[in-house]
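Chain residues, written in single-letter form:
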Amino acid sequence: MLHAKKTASAALIALLASPLLANVDNVAKVDVSVDVSAVNNAQAATFWANLEADLENALVARLTTRLPVEEIKPDEDGKIDGAQIMVDIREVELASAVERELNLGDAVLVGDVTIRDDTDMANTDTYELTVSLENAHVIVPDGTTVLLSTDTTGAYTRLVEAFADGVVSRLK
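Given the structure is predicted, the values throughout are model-derived calculations rather than measurements.

Undergrad: Looking at this model, I keep getting lost on the pattern of salt bridges. Mind explaining?
TA: Side-chain pairs of opposite charge can arise where the charged atoms are in close proximity. Counted under the stated rule, the structure contains 6 salt bridges. The salt bridge involving Arg-62 is made with Asp-165; its shortest N-O contact spans 2.5 Å. Note that Arg-62 is positioned in helix H3 (residues 51–62) and Asp-165 in helix H5 (residues 153–169), a separation of 103 residues in sequence. Overall, Asp-165 belongs to the partly exposed group, its relative accessible area being 36%. Between Asp-125 and Arg-170 there is a salt bridge, with the nearest N and O atoms lying 3.2 Å from each other. Of this pair, Asp-125 sits in strand E4 (residues 125–132) while Arg-170 sits in the segment after H5, and the two are 45 residues apart along the sequence.

Undergrad: Sorry if this is basic, but what is going on with the nonpolar core here?
TA: Soluble, globular proteins show a tendency: their nonpolar side chains are buried together. The biggest cluster of nonpolar side chains holds 34 residues, and the ones touching the most others in it are Leu-51, Leu-55, Leu-59, Val-87, Phe-163 and Val-167. For this core, the secondary-structure elements that each account for two or more residues are strand E1 (27–34), H3, strand E2 (83–93), strand E3 (108–117), E4 and H5. Per-element accounting of this core gives the leading share, 9 residues, to H5. Val-87 has contacts with Asp-31, Val-32, Ser-33, Leu-55, Leu-59, Asp-112, Val-113, Phe-163 and Val-167, leaving out every residue within four places of it along the chain.

Undergrad: Which parts of the structure should I look at to understand a negative patch on the surface?
TA: Residues Asp-75, Glu-76, Asp-77 and Asp-81 make up a contiguous surface patch of negative charge. In this fold, Asp-81 is placed in the loop between H3 and E2. Note on Asp-81: relative accessible area 53%, which makes it exposed.

Undergrad: What exactly am I supposed to notice about the packing of aromatic side chains here?
TA: The way to describe two aromatic rings as a pair is by their centre distance and the angle between their planes. Counted by the stated rule, this structure contains 0 aromatic pairs. Across the ring face of Tyr-127, the terminal group of Arg-170 is positioned such that the distance to the ring centre comes to 3.8 Å.

Undergrad: Explanation requested: H5 in the structure shown.
TA: An α-helical turn contains 3.6 residues, so a residue and the one three or four places further along point in the same direction. Here H5 is 17 residues long and its end C-alpha atoms lie 24 Å apart, about the 24 Å a rise of 1.5 Å per residue gives. Ala-155, Tyr-156, Leu-159, Val-160, Ala-162, Phe-163, Ala-164, Gly-166, Val-167 and Val-168 are the residues of H5 that are buried.

Undergrad: What is the right way to look at the confidence of the model for the protein chain in this model?
TA: Close reading of the predicted structure is inappropriate where its pLDDT is low. Confidence in the prediction for the protein chain averages 74 pLDDT; 63% of positions are at 70 or higher. Element-level mean pLDDT values for the protein chain span from 40 in helix H1 (residues 2–17) up to 96 in H3. Contacts for the low-pLDDT stretch residues 2–19, under 50 throughout, to residues beyond four places or in other chains number 0 contacts. Below pLDDT 50 for its whole length, residues 95–104 participates in 12 contacts with residues either more than four positions away or in separate chains.

Undergrad: Got a minute to help me understand H3 in this structure?
TA: An ideal rise of 1.5 Å per residue puts 16 Å on 12 residues; H3 measures up with 16 Å between its terminal C-alpha atoms. Leu-51, Leu-55, Ala-58 and Leu-59 are the residues of H3 that are buried. The arc that holds the buried residues of H3, viewed along the axis, is 95°, so those residues lie on one side.

Undergrad: How should I be thinking about the environment of Lys-79 in this particular structure?
TA: With respect to the secondary-structure elements, Lys-79 resides in the loop between H3 and E2. Along the primary structure Lys-79 and Asp-117 are separated by 38 residues, whereas in three dimensions their C-alpha atoms are 8.6 Å apart. Ignoring any residue separated from it by four or fewer positions in sequence, one finds Lys-79 in contact with Lys-73, Pro-74 and Asp-118.

Undergrad: I would appreciate a short explanation of the packing of H3 against H5 in the present structure.
TA: What describes two packed helices is the angle between their axes and the distance between those same axes. Between H3 and H5, the least distance of the axes is 9 Å, while the angle of their chain directions is 50°. Regarding the angle of H3 to H5, the classification is oblique. Classified by chirality, the crossing of H5 by H3 is right-handed. Residues Leu-51, Asp-54, Leu-55, Ala-58, Leu-59 and Arg-62 of H3 lie in contact with H5, whose contacting residues are Tyr-156, Val-160, Glu-161, Phe-163, Ala-164, Asp-165, Val-167 and Val-168. Class assignment for the residues of the contact of H3 with H5 results in 10 nonpolar, no polar and 4 charged.

Here is what the cut-offs are and how they apply
Residues numbered from 1 in each chain as written. Predicted model: local features only at pLDDT ≥ 70, side-chain atom pairs only at ≥ 80, totals over all residues. Heavy atoms only, no water. Salt bridge = Lys/Arg side-chain N within 4 Å of Asp/Glu carboxyl O. Helix = DSSP H or I, 4+ residues; strand = E, 2+ residues; numbered from the N terminus. Buried < 20%, exposed > 50% of the residue type's maximum accessible area, 1.4 Å probe, protein only. Core = buried A, V, L, I, M, F, W, Y, C linked by side-chain atoms within 4.5 Å. Contact = heavy atoms within 4.5 Å. Patch = residues over 30% accessible without salt bridge, like charges linked within 9 Å, V, L, I, M, F, W, Y side chains within 5 Å. Areas by Shrake-Rupley, 256 points an atom, 1.4 Å probe, with all protein chains shown as cover. Lys, Arg positive; Asp, Glu negative; His and termini not counted. Charge placed at Lys NZ, Arg CZ, Asp CG, Glu CD. Phe/Tyr/Trp six-rings, centres within 6.5 Å; stacked < 30°, edge-to-face > 60°. Lys NZ or Arg CZ within 6 Å of the ring centre and 35° of its normal. Expected span 1.5 Å × (residues − 1). pLDDT = per-residue confidence, 0-100. Arc of directions from axis to C-beta. Axes fitted to C-alpha atoms, helices over the stretch in contact; angles between N-to-C directions. Parallel < 35°, antiparallel > 145°, perpendicular 65-115°, else oblique. Left-handed = near helix turned anticlockwise from the far one by under 90°. Nonpolar A, V, L, I, M, F, W, Y, C, P; charged D, E, K, R; others polar.

What follows is the structure, encoded as structure tokens:
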């Protein structure tokens, strides 16, 4: 009997020590918003102009098996069946090619992610997600020559993909 209590206690401690993940089977809604005031300059604002749609599309592409065929409408109590994933990008910063040459970590997306499920509160989670080119795993194979240019489209795409991957990885 004492052994069973110890085992149960150890299992409870292991459960509490593990990171919280939302157990999301169905996603009813994906919404991304970008705080344009977080963009430091006009050139950057122009560059990041499509971030909201691009990140939302990247998330939807990764969640196709969890999305409904038809739009889900709230019930009579205003509750939506399924998880709602809301991302608020509050800092957008992409370093110029010259700055990236010195420090890849200068390019970063930072956002608050909220997962809400009106019908299952266990599927609720809120966290800050930060993705930089350093943690987006930009890898150059041995023997490859790197040419620096002012074209930062690849960096933009990799940041968007890494952010979407980060959100989806927190869903069970």
